[in-house]
Amino acid sequence: MKLEYIVAIVVLLFAAQFFYGAMANPDSEFGGADGAAGDFISEEISPGYEPTVPWFQKYLFEPPGGETESLLFALQAAFGAIIIGYTIGYYRGKGESN
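What this report covers is the structure whose coordinates are included nearby.

**Regarding the overall build of the protein chain**
Moving on, step 1. Counting its regular elements, the protein chain contains 3 helices and 0 strands.
Moving on, step 2. Over its C-alpha trace the protein chain gives a radius of gyration of 21 Å, far above what one expects of a compact globule, namely 13 Å for 98 residues.
Moving on, step 3. Dimensions of the protein chain, computed from the C-alpha atoms along their principal axes, are close to 65 × 40 × 25 Å.
Moving on, step 4. Looking at the 98 residues of the protein chain, the share that counts as buried comes to 1%.
Moving on, step 5. Within the structure as shown, the protein chain displays about 9300 Å² of accessible surface, and the carbon and sulfur contribution to it stands at 66%.
Moving on, step 6. A gap of 26 Å separates the mean positions of the 4 positive and 12 negative side-chain charges of the protein chain.

**Details of the packing of aromatic side chains**
Moving on, step 1. On inspection of all chains with the given rule, the structure shows 4 aromatic pairs.
Moving on, step 2. On the basis of an interplanar angle of 25° and a centroid distance of 6.3 Å, the ring pair of Tyr-86 and Tyr-90 is categorised as stacked. With Tyr-86 and Tyr-90 both in helix H3 (residues 66-97) and 4 residues apart, the pair spans about one turn of that helix.
Moving on, step 3. Aromatic side chains Tyr-90 and Tyr-91 sit 5.2 Å apart centroid to centroid with 75° between the ring planes, which places their arrangement in the edge-to-face category.
Moving on, step 4. A residue is classified by how much of its surface remains accessible, and Tyr-90, at 43% relative accessible area, is partly exposed.
Moving on, step 5. Feature note: the residues Tyr-86, Tyr-90 and Tyr-91 constitute an aromatic cluster, connected by ring pairs.

Criteria and cut-off values
- Residues numbered from 1 in each chain as written.
- Predicted model: local features only at pLDDT ≥ 70, side-chain atom pairs only at ≥ 80, totals over all residues.
- Heavy atoms only, no water.
- Helix = DSSP H or I, 4+ residues; strand = E, 2+ residues; numbered from the N terminus.
- Rg over C-alpha atoms; globule rule 2.2 N^0.38 Å.
- Buried < 20%, exposed > 50% of the residue type's maximum accessible area, 1.4 Å probe, protein only.
- Areas by Shrake-Rupley, 256 points an atom, 1.4 Å probe, with all protein chains shown as cover.
- Lys, Arg positive; Asp, Glu negative; His and termini not counted.
- Charge placed at Lys NZ, Arg CZ, Asp CG, Glu CD.
- Phe/Tyr/Trp six-rings, centres within 6.5 Å; stacked < 30°, edge-to-face > 60°.

As structure tokens, then:
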């Protein structure tokens, strides 16, 4: 079986899994694990728990708004996709030249 067919099957399986999950839970929110863990700790495990602020928090970059945070995340994802695409193309071209 050719590699292209295997990759296509894997991509289709991942897409089917995503759409099945989205259709099975239509009213669900796509929240992060950090928020869910924090809510679980503060509500279930220790209701009076208040986290402390780390000493290095004042030196970290905080984006000015949600749009900027989304932009930085999209740029990070695009940069990673470029690197992965270049690597796959490089090795595919290297294999075809032999």
